[in-house]
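This is what each chain is made of:
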Amino acid sequence: MAMAARRRAFTDTSDNPPQTEDLSKTASKTPEAASHDPPIAPPKSGFILKLSICFLAPYLYLINYYYNIDKDLKRSILINASLSLVGYFVTIRMIPVASRYVLRRNLFGYDINKKGTPQGSVKVPESLGIAVGIVFLVLAISFQYFNFTADSNWLVEYNAALASICFMILLGFMDDVLDVPWRVKLILPSFAALPLLMAYAGHTTIIIPKPLIPYVGLDILDLGWIYKLYMGLLAVFCTNSINIHAGLNGLEVGQTVVISGAILIHNIMQIGASQNPEHMQAHAFSVYLVQPLLATSLALLSYNWYPSAVFVGDTYTYFAGMTMAVVGILGHYSETLLIFFLPQILNFLLSLPQLSGYVKCPRHRLPRFDPQTGLLTGTNDGTLVNFFLRLFGQKTEKSLCILLLVFQALGCCFCFMLRWILTGWYK
Ligand code: UD1
Ligand code: MG
C-alpha cells in the first residue's frame, strides 16, 4: 500500500509540482512524523444547516401533512430519517479522524485549481468517501431491523443492492489507492453491479409510452436479458458520469446532494399519489437508501465545500453513483433518474471525443487557474466545467461550482415539470 500511495503522491505531484522534498522520503514517513500534519479545517456546518433547512422543511411537510401516507410506511421512513441524522453526526466526527489516517498512508492530493497560491501546496487528504461509505453501510444494514413493512422478497433485493454498493466502494477505494488506468476504471462498476443483476427477480418488462403503442403493437414489452443489460449499463453510466463531472471543490458531493434531494421528493410524491402497494414499496425502497446517502453526503460536503479540507476520491463518486443507479433500477424510475442526470449526460457527450481516444485525454481535464486574479479560464478539454467557463466567461472556483449546482437543480425542476405535463398522455 505504501508503494501505491507513493505512486498517487507522485502522479499528483507531476500535475502540480509544489513540492521540493524527496518523494521517497515522504512515502517512508513514519506515522509519528505524519501526525505532525496540521488538523483539517473545521466543517462548514452553518452553510450545511441552511441548506438542509431549505430542503427538510418542504420534505417533512410533504410526508407529514400534504400526503396521507400509510401509517407503517411513514413510521419506517421517519425511523430511517432519524438514523440518517445520527449518521450525519457520526460522519462529521469520523472525517477528521479518517483524514489523519489517510495522510499517514500518503493518500493525499494537491488542489489543482489553487496551484501557485499557498493553498495549492497543502496536502489535502484524499478518498474520504471511504468514511462516508462505511457509515452509510452501517446505517443501511441496521435499518433492516427497523423496517416493519419488509417481507422476504424485500430483504433479498435490499441485501443484493447493499452487496453491489459495498462492492463498488471496495473497487472505488482500490482505484484511489492503486490509481488504475482509465479503460479499467470505466468498467469497474459493471462488476459491482453483478450482485444486483444476479439477484434481481423483478419484472423485466417496460410499459410502452402511449403515443408509441400503435407503432409497436403492444402496450407492455418483455425485454428479458436486454433489461438486465440496461441495468448494468445504467450502473456504469451513473458512476462514471459523476466521477468525470468533477474537479471543482464541492462539485462531486454537491451534484449528489442535489440529485438525492430531487429523488426523495419524487419518491414521496409517488408514494403519496399512489394506491398500488407494489409501487409504493418500490419508492419506499429508494427512500430508505437515499436518505442515508443524502445525510452522509451533507456531512462530507461540510468538509469538501470550497475551500476543500478533504477530497472525496473515486470511492465516493462511485459509491454515490452506484447507490443512485440501484435505487433507480429497483424503484423502477430510471427514466426520471436519467433526466435528473441531465448535466452529467451533457458532460458525458462533451467528453466522448476524449474518452473514446479520438482526441488526446490528459490525466486532468481542468480549467486554467490564474493565481494573480484567482479566476478560472476554460480550456479546450471537453467538459461541462470548461464549457460553462467559455460560455459565461472567467469565474472563481466557488461561483462556478454554485452555477453548475444551480444548473443541476434547474434540470431537476425541468424533470418535475416534464413529468407533470406528460402524465396521462405519456404513460
Ligand atoms: C476525473 C476526470 C479528470 C479530473 C478529475 C478531477 C475525466 C476523464 N477524468 O478523473 O479530468 O481532473 O476527475 O477530480 O474527466 N482535485 C482538485 N480539486 C477538486 C477535486 C479534485 O484539484 O475539487 C484533484 C486533486 O488533485 C485530487 C484529484 O483531483 O487528488 C482526484 O482526481 P481523481 O478523482 O483521481 O481523478 P479521476 O476521477 O481519475
Ligand atoms: Mg474522481
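Residues numbered from 1 in each chain as written. Chains lettered and ligands numbered in written order. Predicted model: local features only at pLDDT ≥ 70, side-chain atom pairs only at ≥ 80, totals over all residues.

A.B. asks: Which parts of the structure should I look at to understand the overall build of the chain?
C.D. replies: Secondary structure assignment for the chain yields 18 helices and six strands. Its C-alpha radius of gyration of 22 Å places the chain within 12% of the 22 Å reference for a compact globule of 427 residues. If one aligns the C-alpha atoms of the chain with their principal axes, the spans along those axes are about 65 × 45 × 40 Å. Here the chain holds 427 residues, and the buried ones make up 44% of them. A separation of at least 24 residues holds for 76% of the contacts in the chain among residues at least 6 apart in sequence. (Helix = DSSP H or I, 4+ residues; strand = E, 2+ residues; numbered from the N terminus. Rg over C-alpha atoms; globule rule 2.2 N^0.38 Å. Buried ≥ 20, exposed ≤ 12 C-beta atoms within 10 Å, placed from the backbone. Contact = placed C-beta atoms within 7 Å.)

A.B. asks: Would you mind showing me how to read the environment of Pro 42 here?
C.D. replies: With respect to the element layout, Pro 42 can be found in the loop between α3 (31-34) and α4 (45-66). According to the C-beta neighbour criterion, Pro 42 is exposed, with 11 such atoms within 10 Å. Remark: the alpha-carbon pair of Pro 42 and Ser 302, spanning 260 residues in sequence, is separated by 8.5 Å.

A.B. asks: Would you mind going over the nonpolar core with me for this structure?
C.D. replies: In a soluble, globular protein the nonpolar side chains are often hidden away together inside. Counting residues in each nonpolar core, the largest one holds 109 residues, and the members touching the most others are Leu 128, Leu 300, Met 322 and Val 326. With near-sequence residues (within four places) excluded, Leu 300 lies in contact with Thr 91, Ile 95, Leu 128, Val 132, Val 253, Val 312 and Tyr 316. (Core = buried A, V, L, I, M, F, W, Y, C linked by C-beta atoms within 7 Å.)

A.B. asks: Help me out: how do you make sense of the environment of Leu 83 in this one?
C.D. replies: By the element assignment, Leu 83 lies in helix α5 (residues 71-104). Residues Leu 83 and Pro 58, 25 residues apart in the sequence, show an inter-C-alpha distance of 20 Å. Filtering out sequence-adjacent residues up to four positions away, Leu 83 remains in contact with Leu 139, Ser 142, Phe 143 and Pro 292.

A.B. asks: Would you take a moment to explain the site of ligand 1 for this structure?
C.D. replies: The immediate surroundings of ligand 1 are formed by 20 residues, with Gly 109, Ile 244, Gly 247, His 364 and Arg 365 found nearest. Looking at the shell around ligand 1 residue by residue, the class counts come to seven nonpolar, eight polar and five charged. (Near = placed C-beta within 6 Å. Nonpolar A, V, L, I, M, F, W, Y, C, P; charged D, E, K, R; others polar.)

A.B. asks: I tried to follow the environment of Gly 424 on my own but got confused; where do I start?
C.D. replies: Among the secondary structure elements, Gly 424 is positioned in the segment after α18 (397-422). In sequence terms Gly 424 and Leu 330 are 94 residues apart; their C-alpha atoms lie 23 Å from each other.

A.B. asks: Just checking my understanding: could you explain the packing of α4 against helix α12 (residues 251-273) for this structure?
C.D. replies: To characterise two packed helices, one gives the angle between the axes of the helices and the distance between these axes. In contact at an axis separation of 10 Å, α4 and α12 are set at 10° when each is read in the N-to-C sense. Overall, the two elements α4 and α12 adopt an arrangement that is roughly parallel. Every residue of α12 that contacts α4 at Phe 55, Tyr 59, Leu 62, Ile 63 and Tyr 66 is listed here: Gly 261, Leu 264, Ile 265, Ile 268 and Gly 272. Here the contact of α4 with α12 is composed, by residue class, of eight nonpolar, two polar and no charged. (Axes fitted to C-alpha atoms, helices over the stretch in contact; angles between N-to-C directions. Parallel < 35°, antiparallel > 145°, perpendicular 65-115°, else oblique.)

A.B. asks: I would appreciate a short explanation of α18 in the present structure.
C.D. replies: Count 3.6 residues to each turn of an α-helix, and residues three or four apart come out pointing the same way. If you check α18, its first and last C-alpha atoms are 37 Å apart, about what 26 residues at 1.5 Å a residue would give, namely 38 Å. The set of residues buried in α18 consists of Glu 397, Leu 400, Cys 401, Leu 404, Gln 408, Gly 411, Cys 412 and Cys 415. Considering only its buried residues, α18 is in contact with α12, α15 (334-340), α16 (342-355), β6 (375-377) and α17 (384-392). (Expected span 1.5 Å × (residues − 1).)

A.B. asks: Please explain helix α7 (residues 152-178) as it appears in this structure.
C.D. replies: Between its first and last C-alpha atoms α7 spans 39 Å; for 27 residues at 1.5 Å apiece the expected length is 39 Å, and the two agree. Phi turns positive one or two residues past the end of α7, at Asp 179, with a value near 55°.

A.B. asks: Looking at this structure, how should I read unusual backbone geometry?
C.D. replies: In terms of backbone geometry, most residues other than glycine have negative phi values and most peptide bonds are trans. Geometrically, the link from Tyr 306 to Pro 307 is a cis peptide bond, its omega value of -15° lying close to zero. By secondary structure assignment, the location of Pro 307 is in the loop between α13 (277-304) and α14 (313-330). For Asp 179, which is not glycine, the phi dihedral falls at a positive 55°. Within the secondary structure, Asp 179 is located in the loop between α7 and α8 (182-192).

A.B. asks: Teacher, can you tell me more about the confidence of the model for the chain here?
C.D. replies: Detail in the predicted coordinates should be disregarded across regions flagged by low pLDDT. Averaged over every residue, the pLDDT of the chain is 88; residues scoring 70 or more account for 91%. Under a pLDDT of 50 for its full length, residues 1-34 has, in the predicted model, 45 contacts with residues more than four places off or in other chains. (pLDDT = per-residue confidence, 0-100.)

A.B. asks: Explain the packing of α5 against α13 to me, please; I cannot follow it from the model alone.
C.D. replies: Two elements in contact, α5 and α13, have axes whose closest approach is 8 Å; the angle formed by their N-to-C orientations is 20°. In terms of axis orientation, α5 runs roughly parallel to α13. Considering only the axes of α5 and α13, their crossing is right-handed. Classifying every residue of the contact of α5 with α13 gives 18 nonpolar, eight polar and no charged. (Left-handed = near helix turned anticlockwise from the far one by under 90°.)

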